[in-house]
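As a plain string of letters, each chain reads:
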Amino acid sequence: MASRKMLSFKRAIVFAVFFLTAFILFRRSHTTANDPEPFRKPPPKPADTNSQHAGAKHDPSTTSYTTETDTLSKDKPVPAQKALEDMSKMSLYDKLAYQYPYDVETKFPAYIWQTWKWTPASGEFTFRDQEASWTMQHPGFVHEVITDQVAVHLLRLLYASVPEVLEAYNALPEPVLKADFFRYLILLARGGIYSDIDTFAIRSALEWIPDSVPKESIGLVIGIEADPDRPDWKDWYSRRIQFCQWTIQAKPGHPVLRDIVTRITQETLKRKRENLFISKEKSVVEFTGPAVWTDVIFDYFNDPRYFDMRASQGNITYLNFTGIETPKKVGDVIVLPITSFSPGVQQMGAKDYDDPMAFVKHDFEGTWKPESERHIGETN
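The rules we used
- Residues numbered from 1 in each chain as written.
- Predicted model: local features only at pLDDT ≥ 70, side-chain atom pairs only at ≥ 80, totals over all residues.
- Heavy atoms only, no water.
- Helix = DSSP H or I, 4+ residues; strand = E, 2+ residues; numbered from the N terminus.
- Buried < 20%, exposed > 50% of the residue type's maximum accessible area, 1.4 Å probe, protein only.
- Contact = heavy atoms within 4.5 Å.
- Areas by Shrake-Rupley, 256 points an atom, 1.4 Å probe, with all protein chains shown as cover.
- Phe/Tyr/Trp six-rings, centres within 6.5 Å; stacked < 30°, edge-to-face > 60°.
- Lys NZ or Arg CZ within 6 Å of the ring centre and 35° of its normal.
- Core = buried A, V, L, I, M, F, W, Y, C linked by side-chain atoms within 4.5 Å.
- Salt bridge = Lys/Arg side-chain N within 4 Å of Asp/Glu carboxyl O.
- pLDDT = per-residue confidence, 0-100.
- Polar contact = N/O pair within 3.5 Å; in protein donor to acceptor, adjacent residues only side chain to side chain.
- Expected span 1.5 Å × (residues − 1).
- Arc of directions from axis to C-beta.
- Pairing = 2+ DSSP bridges.
- Right-handed = clockwise from strand over helix to strand, strands pointing away.

1. Overview of the overall build of the protein
Scanning the protein for helices and strands turns up 11 helices and 10 strands. By the burial criterion, 42% of the 380 residues in the protein qualify as buried. By sequence separation, contacts in the protein at least 24 residues apart represent 72% of the contacts at least 6 residues apart. When the accessible surface of the protein is summed, it comes to about 22,300 Å², and 55% of that surface belongs to carbon and sulfur atoms.

Structure representation (structure tokens):
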């Protein structure tokens, strides 16, 4: 009897040990969600660094943050950061291209830039209806009226790495010259719309580019200022076709803006060294105004760096634009007819303000005013 009880006791101990061991093994193989995950050895680097996946860019916006994706992403080598280049050895044109690269596929920035001596908050601001028209036609846009003092500080911020541009801006002797230069500088750096303070927005800029033209294929929108089909046109205008620069829409970094900033900077510094500045109206038009603006645009249209001239039947000239009544696309540029930015002038084929192609009305109140009444660049 005693031996039978001893056997039952031993059997009970064996079963207890068995169940305890099984329970421990079961717990180890089934950790709960709250248990800490053991450290894992990082995955090895790919053996073939020249494979098609090497250096692939990681786009966080399309990443699904699952364990599988994270593990796969760790297998990819991290691309090296782009080293800063020595800008002191670059030409001015290349400096501007490096500082403000151009990407035609980006959206037009929702900025409206205007300049004047006072902001709309000032009691001396007299362009309230004009300024308000831009805000009303472009809800959601950032609309800034830049004063002289703000312009100086803004350009110092934007062009700190290109000091020759700042030197040129400060060297310009006439406020009208600075006003012209500023519009190119702000559009090159930030893009958006520039329009003179004495302009009315008749239609939204969202209507300027035809629906048939993809907006991601356009980087610059300009309009015709003058199309004087008369023998004595040189007595009145600088160019047979003249593009206006009182209203411009651009994406930042566009080559046309890069070129005109380069030209004005170099010419200004040259005149500064020679102590030669001429302030006659004609010279202003040629120096910073619509004449040089028109020249730069035509040079761009015929530049083999941007256009395949082998398929061209000849250079693009005023003949390609005279008399047009609808927008014309040249590469990544939309050229609007004279009605778009000069409606109601009652000459050169311009139609009235109620025409479907009329986008901006210009009152010409700020052009060629005496220095005491001219905006931006004035020092009091």
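Alright, that's what it looks like, and here's the rest.
2. Points about the packing of aromatic side chains
Under the criterion given, the structure shown has 18 aromatic pairs. Aromatic pair Trp208 and Phe341: ring centres 5.2 Å apart, planes at 70°, arrangement edge-to-face. Taken together, the residues span a long stretch of sequence, with Trp208 in the loop between β4 (199–201) and β5 (220–226) and Phe341 in helix α11 (residues 338–341) at a distance of 133 residues. Overall, the relative accessible area of 1% leaves Trp208 in the buried class. For the pair Tyr300 and Phe301, a centre-to-centre distance of 6.4 Å together with 50° between the ring planes defines the contact as tilted. Accessibility classification places Tyr300 together with Phe301 in one group, the buried group. What links up through ring pairs into an aromatic cluster is the set Phe243, Phe298, Tyr300, Phe301, Tyr306, Phe307 and Phe321. It is Lys178 that lies over the ring of Tyr169; its NZ or CZ is 5.4 Å from the centre. The ring of Phe108 is capped by Lys251, whose NZ or CZ atom sits 4.8 Å from the centre of that ring.

3. Here's the deal with the nonpolar core
Within the largest apolar cluster, 60 residues are counted, with the highest numbers of intra-cluster contacts made by Tyr159, Phe181, Phe243, Trp293, Phe301 and Phe321. Counting residues per element, this core draws most heavily on helix α7 (residues 175–190), at 10 residues. Core analysis: the second largest hydrophobic core is formed by 19 residues, Phe108, Trp208, Ile209 and Cys244 among them.

4. A few points about the environment of Val145
Take Val145: it is sitting in strand β2 (residues 142–146). C-alpha separation for the pair Val145 and Pro120, spaced 25 residues apart in sequence, amounts to 7.5 Å.

5. As for the pattern of salt bridges
This structure, assessed with the given rule, holds 18 salt bridges. A salt bridge links Asp259 to Arg263; its shortest N-O distance comes to 3.3 Å. Highlighted residues: Asp259 and Arg263, both in helix α8 (residues 255–274), separated by four residues, approximately one helical turn. On the basis of relative accessibility, which here comes to 17%, the residue Asp259 falls in the buried class. Looking at Arg263, the relative accessible area reads 27%, which means it is partly exposed. Put simply, Asp180, Arg183 and Asp196 are held in one network by salt bridges that share partners.

6. Examining the confidence of the model for the protein
Averaged over every residue, the pLDDT of the protein is 80; residues scoring 70 or more account for 72%. Within the model, the stretch residues 1–7 combines pLDDT values under 50 with zero contacts to residues more than four positions away or in other chains. Segment residues 366–380: pLDDT under 50, and 44 contacts once partners within four positions in sequence are set aside and those in other chains are kept.

7. Considering the environment of Asn320
Mapped onto the fold, Asn320 is located in the loop between α10 (290–301) and β8 (328–330). Once residues lying within four places of it in the same chain are set aside, the contact partners of Asn320 are Asn315 and Lys328. Looking at Asn320, its side chain comes within polar contact range of the main-chain nitrogen of Thr317, at 2.9 Å.

8. A short note on the side chain of Gln114
For Gln114, the position within the fold is in strand β1 (residues 111–115). Aside from chain neighbours lying at most four places away, what touches Gln114 is Glu131, Trp134, His143, Glu144, Val145, Ile146, Tyr194, Ser195, Asp196, Ile197 and Thr199.

9. A few points about α10
Here α10 contains 12 residues, and its C-alpha end-to-end distance of 16 Å stays within 8% of the 16 Å for a straight helix at 1.5 Å per residue. For α10, the tally of buried residues reaches 10 of 12 residues, placing the bulk of the element in the interior. Turning to α10, its buried residues are Pro290, Ala291, Val292, Trp293, Thr294, Val296, Ile297, Phe298, Tyr300 and Phe301.

10. Description of helix α3 (residues 92–99)
Among all positions of α3, only Leu92, Tyr93, Lys95 and Leu96 are buried. Mapping the buried residues of α3 onto a view down its axis gives an arc of 160°, with all of them on the same face. For α3, the secondary structure elements touched by its buried residues are α6 (163–171), α7 and α8.

11. Observations concerning the environment of Tyr169
Mapped onto the fold, Tyr169 is located in helix α6. Taking relative accessible area as the criterion, Tyr169 reaches 2% and is therefore assigned buried. When the C-alpha atoms of Tyr169 and Thr265 are compared, they prove to be 7.6 Å apart, with 96 residues separating the residues in sequence.

12. Regarding the pairing of β2
As defined by bridge partners, β1 adjoins β2 across five bridges and the pair is classed as parallel. Within β2, the position partnered with Gln114 by the bridge is Val145. Since β1 and β2 lie parallel, the crossover through helix α4 (residues 128–137) that links them has a hand, and here it is right-handed.

13. As for the pairing of strand β9 (residues 333–336)
Side chains on a regular strand alternate between the two faces of the sheet. Side chains of β9 alternate between two faces, with Val333 and Val335 and Ile334 and Leu336 buried alike. Pairing of β5 with β9 involves four bridges; the strand directions are parallel. Its bridge partner being in β9, Gly223 is matched across the sheet by Leu336. Taken together, the three bridges between β8 and β9 define a ladder with antiparallel strand orientation. Across the sheet, the residue bridging to Lys328 is Val335, located in β9.

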